[in-house]
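Chain by chain, the residues:
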Amino acid sequence: MNTPLSVPRRPLQGKVIAITGAASGIGLACASAFLAAGARVVMIDRDVGALLHHADTLGEHALPLPADITDPDQADGLADHILSLAGRLDIFHANAGMYTGGPFVDTDPDTIAKLLDLNVTATFRCIRAVLPAFIARRGGDILLTSSVAGVVPVAHEPVYTASKFALQGFVHSLRRQLSPHGVRVGAILPGPVSTALLTAWPEAKRREALETCALLQPADVAEAALFMVTRPHDVVIRDLVILPAGVDL
């Protein structure tokens with residue numbers, strides 16, 4: 001006779017999770033989901049006003065940490081600030097990112113540099129900063145918000161696609177490096193999500209996506225992220241692709 005699977009009502013009870021880009025969109029939805037699952041959440045964002053507002057709304061276990069991770073000193077010192085604020089770190093969610101799309105020939109070079117700096121360089125620096133704590137305790141999760149554009153080249157967004165392909169290569173290599181240390185590394189790859197990033201989309205494209213059920217909601221991504229980090233420790237979800245019903249890839 002099979003024994004029914006027992007699932008804790010608050011599976012992240014006692015855990016500390018740090019999330020970059022936590023004051024809006026996917027990061028905010030993930031913070032809310034992780035808090036509901038029992039975690040304390042260090043919410044990291046450079047938008048201080050929005051960060052403090054949402055942390056106050058979410059309650060005492062939401063711990064705001066204002067930081068601009070594109071500043072190398074702030075990225076490199078992130079682990080010390082997290083540990084000072086929360087005392088430990090079990091899961092690091094590298095979520096912060098930006099978007100640009102349209103004809104590459106028309107893309108501003110400064111925008112290219114800013115996107116690659118945030119989506120790639122700052123993400124790498126932040127993960128490098130927190131890794132010693134994970135390796136020392138031989139456990140924990142590194143989760144990255146990637147994109148379906150990291151596995152399917154999107155003609156409308158060559159720079160964004162390139163940044164997410166870089167993340168995917170990083171995830172696959174880093175997972176292999178850290179597996180002997182008991183540290184899991186995985187990426188969540190959503191299709192288009194209804195967040196402020198889509199203000200860069202042409203209005204007609206965004207309206208069509210809404211009408212054809214081609215957009216996810218941030219809460220959809222948060223549910224998938226929660227699923228990933230609550231798997232048994234002997235299970236690794238390397239990549240989790242989630243798509244809205246109206247997207248055919």
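These numbers come from a predicted model, not from an experiment. (Residues numbered from 1 in each chain as written. Predicted model: local features only at pLDDT ≥ 70, side-chain atom pairs only at ≥ 80, totals over all residues. Heavy atoms only, no water.)

Within the chain, Arg138 stands out as a residue other than glycine whose phi angle is a positive 55 degrees. On the secondary structure map, Arg138 appears in the loop between α5 (109–137) and β5 (140–145). (Helix = DSSP H or I, 4+ residues; strand = E, 2+ residues; numbered from the N terminus.)

Let's shift gears to the packing of helix α1 (residues 25–36) against helix α8 (residues 218–229). The contact between α1 and α8 brings their axes to 8 Å, and the two run at 50 degrees. With respect to α8, the element α1 is oriented oblique. Crossing hand, α1 versus α8: right-handed. Here α1 contributes Gly25, Ile26, Ala29, Cys30, Ala33 and Phe34 to the contact with α8, which in turn contributes Pro218, Ala219, Val221, Ala222, Ala225, Leu226 and Val229. Taken together, the residues of the contact of α1 with α8 sort by class into twelve nonpolar, one polar and no charged. (Axes fitted to C-alpha atoms, helices over the stretch in contact; angles between N-to-C directions. Parallel < 35°, antiparallel > 145°, perpendicular 65-115°, else oblique. Left-handed = near helix turned anticlockwise from the far one by under 90°. Contact = heavy atoms within 4.5 Å. Nonpolar A, V, L, I, M, F, W, Y, C, P; charged D, E, K, R; others polar.)

Turning to the sheet that holds strand β1 (residues 16–20), a few remarks are in order. If you trace the seven strands from one edge of the open sheet to the other, you get β3-β2-β1-β4-β5-β6-β7, paired in parallel fashion. Of all the strands in the sheet, just β3 (62–66) and β7 (239–242) have a single pairing partner and so form its edges. Neighbour-to-neighbour, the strand axes of the sheet open up by a mean angle of 15 degrees, direction not taken into account. By the bridge criterion, five bridges tie β1 to strand β2 (residues 40–45) in an arrangement that is parallel. Pairing of Ile19 across the sheet is with Met43, part of β2. Where helix α6 (residues 158–178) meets the sheet, it contacts β5, β6 (183–190) and β7, and its direction lies at approximately 160 degrees from that of β6. Packed on one face of the sheet, α8 meets β4 (91–94), β5, β6 and β7 and runs near 160 degrees to β6. (Pairing = 2+ DSSP bridges.)

Okay, the pattern of salt bridges next. All chains considered together, the criterion is met by six salt bridges. A salt bridge links Asp90 to Arg137, with the nearest nitrogen and oxygen atoms 2.9 Å apart. In this pair, Asp90 is assigned in the loop between α4 (78–86) and β4 and Arg137 in helix α5, connecting sequence segments 47 residues apart. Taking the relative accessible area as the measure of exposure, Asp90 reaches 3% and is therefore buried. A relative accessible area of 39% places Arg137 in the partly exposed class. Across the pair Asp239 and Arg238 runs a salt bridge whose closest N-O atoms are separated by 2.8 Å. Take Arg238: its relative accessible area is 36%, and that puts it in the partly exposed class. Look at the salt bridges and you will find they share partners, linking Arg88, Asp90 and Arg137 into a network. (Salt bridge = Lys/Arg side-chain N within 4 Å of Asp/Glu carboxyl O. Buried < 20%, exposed > 50% of the residue type's maximum accessible area, 1.4 Å probe, protein only.)

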